[in-house]
Amino acid sequence: MTAPGKIISGTELADIPSAEVDYVVVGSGPGGSTAAAVLAAAGAHVAVLEEGGHYTRRDFNMQESWAYPALYQEHGNRATEDLSIMILQGRSVGGGTTVNWTSSFRTPERTLALWAARHGVRGLDAATLAPHFEAAEKRIDVGTGDPADVNANNRKLHDGAAKLGWEPELIHRSVKGCARLGYCGMGCPLDAKRTSRTTFLADAVAAGADVYADCRAILVETDRGRARAVVAEVLDRAADRPRARFVAYARRGVVLAGGAINTPALLLRSKAGLDSGQVGRRTFLHPTVPLIAFYDQPIEGFYGPPQSVAVHHFADRGDRVGYFFETAPIHPMLAALAFPGFGDTHRKIVERLPYAQATIALLIDGHHQDEGGSVAVSRDGRIKLAYPLSEPLREAAVAALGDMARLQLAAGAREVMTLHETPLIIRSEADLPAIAAAPFGPNRHTMFSAHQMGGAAMGDDPTRAVVDSRGRHHQIENLWITDGSVFPTSLGVNPQLSIYAHAHLFATEIAAAAARGP
Amino acid sequence: MTTPRRWYNCDGMANASENALDRRRFLKRGLFGGALLLAGGSLPFVFRTTRRDWAPRGPLRLLSADEYAVLGAVAARIVPGDGADARWPRADALDCAGKIDALMATVHPDVGHDFRRLLRLIESGVLGAVIAGSPRPFTRASAAQQDARLEAWRRSRLALLRSGYQAVKRLCHATYYSSPEVYELIGYPGPPLVPQPVEPKAGDAVRGR
């Protein structure tokens, strides 16, 4: 039996110049951890490189001032270039799963059919994925939807949707022994949330994989169509500046899973495997538009499971861009960032925090003619994300605001407040037309994204896709991508579980092919 | 919720917030935006008249003393507490500008550079005159003039100015509202008390501190 590996942090790593393993995996979120676990279980020696630090439940103090700088990309500063869309994306051992809000969905069949019909994805239907979803659901303890998980914030979404006949559903959550604290986004202090760190990554380590934390992959080295090494910077955690170099040599292959913004950026920086012209293109975000409602009774949206109800009634709007509704937890910093204005104007909104409800509309981008955003890398390595808000998306955002306002009124809100730079106050149906008349555009209304997808799409046509329908790079034969960047469009549901399942399928096939021999 | 609650101590780390600007992208956006940022980068005398009302508590990690003074003046207007209601702490009482300086020292050097450029632009009396009829350096303008200038950035037709406003707005609000000192004022009881985790078993993964 293989000796277990370990998790090595940057302070120890400064003395280790290199390692040679069978597979180098970049990223320890759902995609990287699952690939590492499957490959290590098949007997391969695996090294996982993770840019973020290694934190455990003892570190998770439920303070936004600690959690966002420590556990999010760019210390919580990631955004589109013009700052119009704030990007919530994890960065620590466990990646996005450390801060994920636990909502677990399988990839909708409608989305899989779209990929097959329009994006050249072959052999990837619900039946093919089913065993891999089952494996992931079992390992991360995805439940069946528990009415006791519904806090007041989600209750309003549920009741409003039910009144209007919009079919609210209970969300399946990846938790075990959840105390319903409400701090999933800051790291679970009980380890009740099942993260990749406590599941697949732990399995990988038990099977001999080593995890290198504080280790930022900056280049994939290729040689005659094969990836041979990943060059990384070892980071000084406090300063977040490089203190040493680390090279991980890959005997068999390299798996990229740094997330849908970092993975395309890594390929672009490496100037490797770019022939498709699709790397860093068609980046999708489920651009998210929040709406605030105020109630007479306290909502206390800072406590209780952040998301337990979803409404997919408007996911399919025919020719128009669809959307779905969920809620966002209402902690002081996140709310203050979302609320418009400054000084006393802003203060008067924040003061009503306990009475606020937050519904969010997630726009299902990439399913129509919209091309999403793009990822580029500047000469000195800085990642630049652009996401122009196209007219079909703007139309959907404005329509979603109207529908959310209607829902809130139906749920009994005293008043609804939009997050336009000059907020609209809606007290009755008669006020709704004001929404369509208000300016909606970059930095004129709060938008964010917690779901990053695309940028290195899969598909069997090498001129239109970066990797094939099993995640293998079209040009670099021993390089795979197992994160959300392979999705040719957004999913229309929270992506974490889909990333686990796709990674599980892809890694299973990598291991099977390796077992058959060269 | 019946869980007993108590206040947690902040880890002393600086705060989350938002990115600054990227010059090249704005250059592509059109002459006016581009010219503005070029101007921001080449205003060598802009800090000559800066009033250093706001002095840092300790050594600065990214900003110069002048840049810090501009940020301090901006933060005082962005957050509540500057005379409006005595219960609310002022920005300097929570060291907002100091926390922002520490945070921006850890982001990509380009972003830090653009942030400094942005502060220079905010201080500029020339830009103040153009956008809000307020020709004095930001740090020497009255509170009402400062608000009018921030308001002009916020509502500007120029994407560049709106982005610049969002950068300082989000940084200030993030540092301020994630401070336990304001939790009670906004009706937030703070994180719940959770059982102390048990000590790690032998063989538990190595801690990465």
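Everything quoted here is computed from the prediction, not taken from an experiment.

Conventions we followed
- Residues numbered from 1 in each chain as written.
- Chains lettered and ligands numbered in written order.
- Predicted model: local features only at pLDDT ≥ 70, side-chain atom pairs only at ≥ 80, totals over all residues.
- Helix = DSSP H or I, 4+ residues; strand = E, 2+ residues; numbered from the N terminus.
- Rg over C-alpha atoms; globule rule 2.2 N^0.38 Å.
- Buried ≥ 20, exposed ≤ 12 C-beta atoms within 10 Å, placed from the backbone.
- Contact = placed C-beta atoms within 7 Å.
- Nonpolar A, V, L, I, M, F, W, Y, C, P; charged D, E, K, R; others polar.
- Axes fitted to C-alpha atoms, helices over the stretch in contact; angles between N-to-C directions.
- Parallel < 35°, antiparallel > 145°, perpendicular 65-115°, else oblique.
- Domains from an automatic or database assignment.
- Pairing = 2+ DSSP bridges.
- Core = buried A, V, L, I, M, F, W, Y, C linked by C-beta atoms within 7 Å.

Chemist: Before we move on, can you summarise the overall build of chain A with the specific residues and values?
Modeler: The number of helices and strands found in chain A is 13 helices and 23 strands. For 518 residues, the compact-globule estimate of 2.2 N^0.38 gives 24 Å, and the C-alpha radius of gyration of chain A, at 22 Å, lies within 12% of that figure. The buried share of chain A, taken over its 518 residues, is 65%.

Chemist: An account of the interface of chain A and chain B is requested, with residue identities and associated values reported.
Modeler: On the side of chain B, 52 residues touch chain A, which itself brings 59 residues to the contact. For the side of chain A that touches chain B, the elements supplying multiple residues, two or more each, are strand E1 (7–8), helix H3 (64–71), helix H9 (332–338) and helix H10 (343–350) of chain A. The element contributing the most residues to the side of chain A that touches chain B is H3(A), with 6 residues. Partitioning the side of chain A that touches chain B into residue classes produces 30 nonpolar, 13 polar and 16 charged.

Chemist: Which residues make up unusual backbone geometry, and what values go with them?
Modeler: All names here are of chain A. Even without a glycine there, the phi angle at Asp240 is positive, about 55 degrees. Secondary-structure assignment places Asp240 in the loop between strand E10 (226–236) and strand E11 (241–256). Phi angles above zero are rare outside glycine, and Asn443 is one such case at about 55 degrees. Structurally, Asn443 is set in the loop between helix H12 (433–437) and strand E21 (448–449).

Chemist: Can you break down the packing of helix H6 (residues 152–164) of chain A against helix H11 (residues 391–410) of chain A residue by residue, with the values?
Modeler: How two helices sit against one another is set out by the angle between their axes and by the gap between those axes. Residues and elements named next belong to chain A. At a minimum axis distance of 8 Å, the contact between H6 and H11 shows a crossing angle of 95 degrees. Considered as vectors, H6 and H11 are oriented roughly perpendicular to each other. Counted together, Lys156, Gly160, Ala161, Lys163 and Leu164 of H6 and Arg406, Leu407, Gln408 and Ala410 of H11 form the full contact between these two elements. Of the residues assigned to the contact of H6 with H11, the class counts are 4 nonpolar, 2 polar and 3 charged.

Chemist: Go over the domain arrangement of chain A, please, and point to the residues and values.
Modeler: All names here are of chain A. What the domain assignment lists for chain A is domain 1 (7–141 + 181–283 + 451–516) and domain 2 (147–175 + 288–364 + 390–440). Once you take the C-alpha centre of each, domain 1 and domain 2 turn out to be 31 Å apart. Contacts between domain 1 and domain 2 engage 17 residues on the former and 22 residues on the latter. The residue inventory of the side of domain 1 that touches domain 2, partitioned by class, reads 5 nonpolar, 8 polar and 4 charged.

Chemist: Now, about the pairing of strand E18 (residues 383–386) of chain A: what can you tell me, with residues and values included?
Modeler: Residue and element names in this part refer to chain A. Only one face of E18 is covered, namely the face carrying Ile383 and Leu385; the face carrying Lys384 and Ala386 is uncovered. Relative to E18, strand E17 (residues 373–377) runs antiparallel, the two being bridged by 4 bridges. Residue pairing across strands places Val377 opposite Ile383, the latter belonging to E18. If you look at the hairpin formed by E17 and E18, you'll find 5 residues sitting between the two strands, and Gly381 has a positive phi there, around 95 degrees.

Chemist: Before we move on, could you go through the nonpolar core and cite the residues and values that matter?
Modeler: With 220 residues, the main nonpolar core has Val24(A), Ala36(A), Val46(A), Leu49(A) and Ala204(A) as its most contacted residues. A per-element tally of this core places helix H8 (residues 159–177) of chain B first, with 11 residues. Two domains each donate at least three residues to this core, and these are domain 1 (7–141 + 181–283 + 451–516) and domain 2 (147–175 + 288–364 + 390–440) of chain A. When sequence neighbours within four positions are dropped, the list of residues in contact with Val46(A) reads Val21(A), Asp22(A), Tyr23(A), Val25(A), Ala36(A), Leu39(A), Ala40(A), Ala204(A) and Ala209(A).

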